[in-house]
Amino acid sequence: MESALNSLIDLTEILVEAEQKLEQAIGQVTSRLREVDVSEQEDMAQVDKTCYRLHKLVEDFRKTMKEKTRTSHLKIKNLLRDVKTDLSNRLGKVTSHKHIVTRAVAVSPRPTLIHMTEAVKDRVNSLDLSATLNADCWVKPLSSVESCQEVAGRVENELLMFEQQKTESKKELQPPVLVFHENCGTNIRLTNCNKTAEKITPRTSGNGMVLSRDVMVADVLYEVRVDAVLQRNSTLSLGVTKVPPAHLHMTRYSTDLEDAIIIGFGGVVHQKRLVFKTIGKILKDFMSGVKLGY
């Protein structure tokens, strides 16, 4: 009887202690919920502040570009208006003198026609009869289209990269897998869930670029394995770019990319310029099964 009572007392103590710990844990979770709520509000406020700042920058840019566009076009329009006014004045004088000549022919007596002809001829010769438009009339106003598209592209790329980086930071740490992006050269066929790339026509030069689908992770070794070499004197180039793969304009050769660093058998190319010549020779005349890391 006493043993059973002691057991119940022990169970009561255990349950009381567990109850206190659970209540304490619930209080901690409640506190954390408040902290997360506050953090969410602060983050939302920061997002609004940042987006407002971006909106203001875009609006200022829009006003500046519209003012430059308006000024550029106004200059051309003023020039064309002046030319038109000058041509209209010439036309008025030409028309007036045409009437004078026509009337002189109709009313002048024959003996005085010779004298009248000389006088009218002198007046007509003094007129500017040129109707040729000078080169300034054909000058095109400075276009803002390319500048606006370039700025929009840069902002879009930065936002995409930022969003992708935020997404990657939320993922659990795991070894990255090198997967090729669908945006590739016209002479490339992707297989094996886009983990393998092969040239469609091996003997055709160029149009053989592939891009990684994901952003490269720092301090990670990426390896490319050459499974087969289908042509002698084959070469391979490796490189990096900060342009998202979906927005990268594919050129025939990787060394023609505007914003990239390419390592080829001839050296290192940056912004289409050769900057180093002493590395990259291993990328020429390699054998099947070789692994290249970067």
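Look up: the structure comes first, before these words.
Residues numbered from 1 in each chain as written. Predicted model: local features only at pLDDT ≥ 70, side-chain atom pairs only at ≥ 80, totals over all residues. Heavy atoms only, no water.

Engineer: Explanation requested: the nonpolar core in the structure shown.
Structural biologist: Judged by nonpolar contacts, M209, L211, V243, L248, M250, L257, A260, I262 and V269 together constitute the single largest core of nine residues. Excluding residues that lie within four positions of it along the chain, A260 makes contacts with V240, T241, V269, H270 and Q271. (Core = buried A, V, L, I, M, F, W, Y, C linked by side-chain atoms within 4.5 Å. Buried < 20%, exposed > 50% of the residue type's maximum accessible area, 1.4 Å probe, protein only. Contact = heavy atoms within 4.5 Å.)

Engineer: So what exactly am I meant to see when it comes to a negative patch on the surface here?
Structural biologist: A cluster of acidic residues, D37, E40, E42 and D43, forms a negative patch at the surface. Note on placement: E42 falls in helix 1 (residues 2–107). (Patch = residues over 30% accessible without salt bridge, like charges linked within 9 Å, V, L, I, M, F, W, Y side chains within 5 Å. Areas by Shrake-Rupley, 256 points an atom, 1.4 Å probe, with all protein chains shown as cover. Salt bridge = Lys/Arg side-chain N within 4 Å of Asp/Glu carboxyl O. Lys, Arg positive; Asp, Glu negative; His and termini not counted. Charge placed at Lys NZ, Arg CZ, Asp CG, Glu CD. Helix = DSSP H or I, 4+ residues; strand = E, 2+ residues; numbered from the N terminus.)

Engineer: Is there a simple way to think about the environment of L91 in this case?
Structural biologist: You can see L91 is positioned in helix 1. The class for L91 is exposed, based on a relative accessible area of 56%. It is 9.5 Å that separates the C-alpha atoms of L91 and D128, two residues lying 37 residues apart in sequence.

Engineer: Mind showing me how you'd approach the sheet that holds strand 6 (residues 267–270) here?
Structural biologist: The strands making up a sheet are joined through hydrogen bonds of the backbone, oriented either antiparallel or parallel. Read across the sheet, four strands follow the order 4-5-6-7 without closing on themselves; strand pairing throughout is antiparallel. The sheet is open, and its two borders are formed by strand 4 (238–240) and strand 7 (273–276), each paired with just one other strand. In this sheet, adjacent strand axes meet at a mean angle of 25° when their direction is disregarded. The pairing of strand 4 with strand 5 (residues 261–264) spans three bridges and is antiparallel. Residue pairing for strand 5: V240 is matched across the bridge by I261. (Pairing = 2+ DSSP bridges. Axes fitted to C-alpha atoms, helices over the stretch in contact; angles between N-to-C directions.)

Engineer: Would you take a moment to explain the environment of V224 for this structure?
Structural biologist: For V224, the location among the structural elements is in strand 3 (residues 223–225). Sequence separation between V224 and L238 is 14 residues; the distance between their C-alpha atoms is 9.4 Å.

Engineer: For this particular structure, what's the right way to read unusual backbone geometry?
Structural biologist: For residues besides glycine, phi is generally negative; the peptide bonds are generally trans as well. The backbone phi angle of N192 is positive, close to 55°, even though this residue is not glycine. Examined against the element boundaries, N192 turns out to sit in the loop between strand 1 (188–191) and strand 2 (196–199). Of note in the backbone geometry, N194 takes a positive phi value of approximately 65° without being a glycine. Mapped onto the secondary structure, N194 falls in the loop between strand 1 and strand 2. Judged by relative accessible area, which is 16%, N194 ranks as buried.

Engineer: Would you mind showing me how to read the pairing of strand 5 here?
Structural biologist: In the case of a regular strand, side chains alternate between the two sheet surfaces. Residue alternation in strand 5 divides its side chains into a buried set, I262 and G264, and an unburied set, I261 and I263. As paired elements, strand 5 and strand 6 share four bridges and run antiparallel to each other. Paired with I262 across the two strands is V269, which belongs to strand 6. Hairpin remark: strand 5 followed by strand 6, antiparallel, with two residues in the connecting loop.

Engineer: Would you mind showing me how to read a nonpolar patch on the surface here?
Structural biologist: A surface patch of nonpolar side chains, amounting to about 410 Å² of accessible area, comprises L54, L57, V151, V155 and L159. Breaking the nonpolar patch down by element, the ones donating at least two residues are helix 1 and helix 3 (145–170). Of all the elements, helix 3 adds the most residues to the nonpolar patch, at three residues. Within the fold, L159 resides in helix 3.

Engineer: Sorry, what's going on with the pairing of strand 1 here?
Structural biologist: Because side chains alternate across strand 1, one face comprises the buried residues I188 and L190, and the other comprises R189 and T191, none of which is buried. Taking the residues that link successive antiparallel strands as the turn, the strand 1-strand 2 hairpin has four residues, and the phi of N192 there is positive, at about 55°.

Engineer: Mind showing me how you'd approach the environment of V243 here?
Structural biologist: Position of V243 among the secondary structure elements: in the loop between strand 4 and strand 5. The sequence separation of V243 and D259 amounts to 16 residues, and the corresponding C-alpha distance is 7.4 Å.

Engineer: Would you take a moment to explain the side chain of H181 for this structure?
Structural biologist: Of note, H181 is situated in the loop between helix 3 and strand 1. Taking the relative accessible area as the measure of exposure, H181 reaches 18% and is therefore buried. One polar contact links the side chain of H181 to the main-chain amide nitrogen of N183, over a distance of 2.9 Å. Aside from chain neighbours lying at most four places away, what touches H181 is L190, L211, S212, R213, P245 and A246. (Polar contact = N/O pair within 3.5 Å; in protein donor to acceptor, adjacent residues only side chain to side chain.)

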